[in-house]
Amino acid sequence: MKPKKTWSWMALALSITALTGCFDGSEDAKQSADAAVQTQDDRLKLAMLLTPRTGLSPLSDDAFKFSRWSVGETLVFLNAEGTLEPKLATEWEQITPNDWRITLREGVMFHDGTKMDASAVANVLDRAANAAPKPRILDGVDWTVKTDGDNAVIVSSKVPDPLLAQRLSSPQLTILAPSAYGENGAINPESTATGPFRLVKLNGSSTATVDRFDGYWGEPAKLAGIDVSFVPDGIARASALRTGEADVVEAIPVSQAPLLDPSMIREVAMPRTNTLYANMNSSVMKDAGMRAAVREALDRQQLIDNVYESRADIGVGLLGPALPWAAKLRQPVAAPVAPSDPEGVEIVLGTYTDRTELPEVAVYLAQQLTEAGFTVKQDVREYSQIEQDALAGKFDLFILSRATMLDLGDPVAYMSSDFTCEGSYNLAQLCDPAIDDAIEAASVLPAGEARQKAIMKAERLILASDAAIPLLHERVIQGESKRVREAISDPRERLIISTQTHLVSSDSAK
């Protein structure tokens, strides 16, 4: 890869803004009218879907909250087309098959007032590489990091990694100050990142306070701050938007969308698949015929029509319409396993309440499976209360809404995490050497058609196992009050608030 030259912050801001892709031709005129009444010092009220699970540790999925608020930043950034752009790094170059040199942006200050330098960056990358468990983006990755002067680091992978630079875009590799890292692996992200907003305080699993950081290296944020609430109940989130208690709301339930003013709804196709995971170690689902019986019992269209109100697409494969190349390269599973007769055997079906549609999906699936001959017991809880049991394989079947391209703009990390023997998020308890080999073969290829074909070969093997049965592909429905301008509706769920996001007066919003 050729080294990337430094971009101006304005160019980067424009590329971020382009992610919205949802404004009509009158937007320029509306922005001009808003300019005179923009309220520079207003605070935006943001209602989030999932509560923090790890105190906003960047090594977990909590890192995506950090990213969505523009608090945490990474070395590089994936734009809407999946192309790398500069962020805290200005250049990156593969100097040998195993070694990459990353040149850092100068003049960047952490929120605690210390300077970002090569030593601080190496500390972050080294800690992530040696964490237990590793962040998902580093599943199967073995690298070492060393400084190269004050303003560059060398990242060396044990085996050639053609997508190493893309890995550096993951929010799970957010760059934090050395002061964030305490004893025994504890990480405190408060006032230790580099973004245009600073995390002032995380109040457990209820709220967070985020303020504009006036020492930011780039263009300053227009908002004075963000008042974050964690609201797992989808009806409550939608109600907060209707009543003005929230300005921006994540994941409006499809059942609530018709109750809102259409101008307050933004819908975007996203790489997220509602998947039924079958536990390969359970007494029932370890039988391939039983898994096939589950597969044959499903009526996906019923779910889409009755639960998602036609705001979803049928899950033909693990990868949906947000990846146009997937459908073109998909090959059907040859000679799928024939279903067995369930004969009334009892199974436990689990899911969580944080995504409002999933408990209703569970009801419909229970009915469909009962009609097929299973005896179904449901277990539905908040995600934070059920995740540990799901990962421990305590369910026969588990319904999960799963993002398939959170990390690299590429599904390999998701497949490695969910479907390999050593995967850190292997709900299906799947361990098949052929699948491991297929995913490994895809992982070593550079971005392009050959890698895509290898990914689809791995998908076909996973589908053939019936360990993961795709139900449908979701669309993100984001709610925004009429006062909000320039919030980002990002199908990768990495961005929601940018430096350009602002509020206008109530009169202008009418």
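Here the structure is a predicted model, which means the values were calculated and not measured.

Engineer: How do you make sense of the overall build of the protein when you look at a structure like this?
Structural biologist: When helices and strands are counted, the protein shows 15 helices and 19 strands. What you see for the protein is a C-alpha radius of gyration of 23 Å, in line with the 24 Å of a compact globule of 510 residues. With the principal axes as the frame, the protein shows a C-alpha extent of 65 × 60 × 45 Å. Of all intrachain contacts in the protein linking residues separated by at least 6 positions in sequence, the fraction that spans at least 24 positions is 72%. Counting 50 positive and 70 negative side-chain charges, the protein places the averaged centre of each group 3 Å from the other.

Engineer: Would you take a moment to explain the state of the cysteines for this structure?
Structural biologist: What makes a disulfide is a covalent bond joining the sulfur atoms belonging to two cysteines. Taken as a whole, this structure holds one disulfide when the rule is applied. Disulfide pairing is shown between Cys421 and Cys431; the S-S distance is 2.0 Å. What sets the handedness of the Cys421 and Cys431 disulfide is the S-S torsion sign, and at about 95 degrees it is right-handed. On the criterion of sequence distance, the pair formed by Cys421 in the loop between helix H12 (412-419) and helix H13 (433-443) and Cys431 in the loop between H12 and H13 is long-range, its members being ten residues apart. Given the relative accessible area of 28%, Cys421 is considered partly exposed. Residue class for Cys431 comes out exposed when judged on its relative accessible area of 51%.

Engineer: Got a minute to help me understand the pairing of strand E4 (residues 89-94) in this structure?
Structural biologist: Along a regular strand, successive side chains alternate from one face of the sheet to the other. Looking at chain direction, E4 and strand E5 (residues 99-104) are connected through five bridges and run antiparallel. Looking at the pairing, Trp92 lines up with Ile102 of E5. Linkage of E4 to E5, two consecutive antiparallel strands, is achieved through a turn of four residues.

Engineer: What should I look at first to understand the nonpolar core in this one?
Structural biologist: Within the largest apolar cluster, 79 residues are counted, with the highest numbers of intra-cluster contacts made by Leu276 and Phe419. Here this core takes seven residues from helix H10 (residues 357-371), the largest share from any one element. Those residues in contact with Phe419, other than ones at most four positions away along the chain, are Tyr277, Leu318, Tyr414, Asn426, Leu430, Ile435, Asp436, Ile439, Ile462 and Ala468.

Engineer: I'm lost on the environment of Phe213 in this one. Help?
Structural biologist: Here Phe213 is to be found in the loop between strand E9 (207-212) and strand E10 (225-230). The class for Phe213 is buried, based on a relative accessible area of 13%. Separated by 15 residues in sequence, Phe213 and Arg198 have C-alpha atoms that sit 5.5 Å apart. Setting aside residues no more than four positions away along its own chain, Phe213 makes contact with Met109, Phe110, His111, Gly195, Pro196, Phe197 and Arg198.

Engineer: Looking at this structure, how should I read helix H14 (residues 449-465)?
Structural biologist: Helical geometry note: an α-helix holds 3.6 residues per turn, so side chains three or four residues apart project in the same direction. In a regular helix each residue adds 1.5 Å, so 17 residues correspond to 24 Å; H14 covers 25 Å between its end C-alpha atoms and thus fits that length. Along H14, the residues that are buried comprise Arg451, Ala454, Ile455, Met456, Ala458, Glu459, Ile462, Leu463 and Ser465. Of the surrounding secondary structure, the elements contacted by the buried residues of H14 are helix H7 (288-297), helix H9 (324-329), H12, H13 and strand E17 (468-480). Directly after H14, the chain includes Asp466, whose backbone phi takes a positive value near 60 degrees.

Engineer: Please clarify how helix H6 (residues 234-243) should be interpreted in this entry.
Structural biologist: Every buried residue of H6 is listed here: Gly234, Arg237, Ala238, Ala240 and Leu241. Buried residues of H6 fall within an arc of 155 degrees about the axis and therefore sit on the same side. Of the surrounding elements, those touching the buried residues of H6 are strand E1 (43-48), strand E11 (248-249) and E17. A side-chain oxygen of the first residue of H6 lies 3.2 Å from the backbone nitrogen of Ile235; this N-cap is Asp233. Phi turns positive, to about 85 degrees, at Gly244, one or two residues after H6.

Reading guide: rules and limits
- Residues numbered from 1 in each chain as written.
- Predicted model: local features only at pLDDT ≥ 70, side-chain atom pairs only at ≥ 80, totals over all residues.
- Heavy atoms only, no water.
- Helix = DSSP H or I, 4+ residues; strand = E, 2+ residues; numbered from the N terminus.
- Rg over C-alpha atoms; globule rule 2.2 N^0.38 Å.
- Contact = heavy atoms within 4.5 Å.
- Lys, Arg positive; Asp, Glu negative; His and termini not counted.
- Charge placed at Lys NZ, Arg CZ, Asp CG, Glu CD.
- Disulfide = S-S within 2.5 Å.
- Buried < 20%, exposed > 50% of the residue type's maximum accessible area, 1.4 Å probe, protein only.
- Pairing = 2+ DSSP bridges.
- Core = buried A, V, L, I, M, F, W, Y, C linked by side-chain atoms within 4.5 Å.
- Expected span 1.5 Å × (residues − 1).
- Arc of directions from axis to C-beta.
- Polar contact = N/O pair within 3.5 Å; in protein donor to acceptor, adjacent residues only side chain to side chain.

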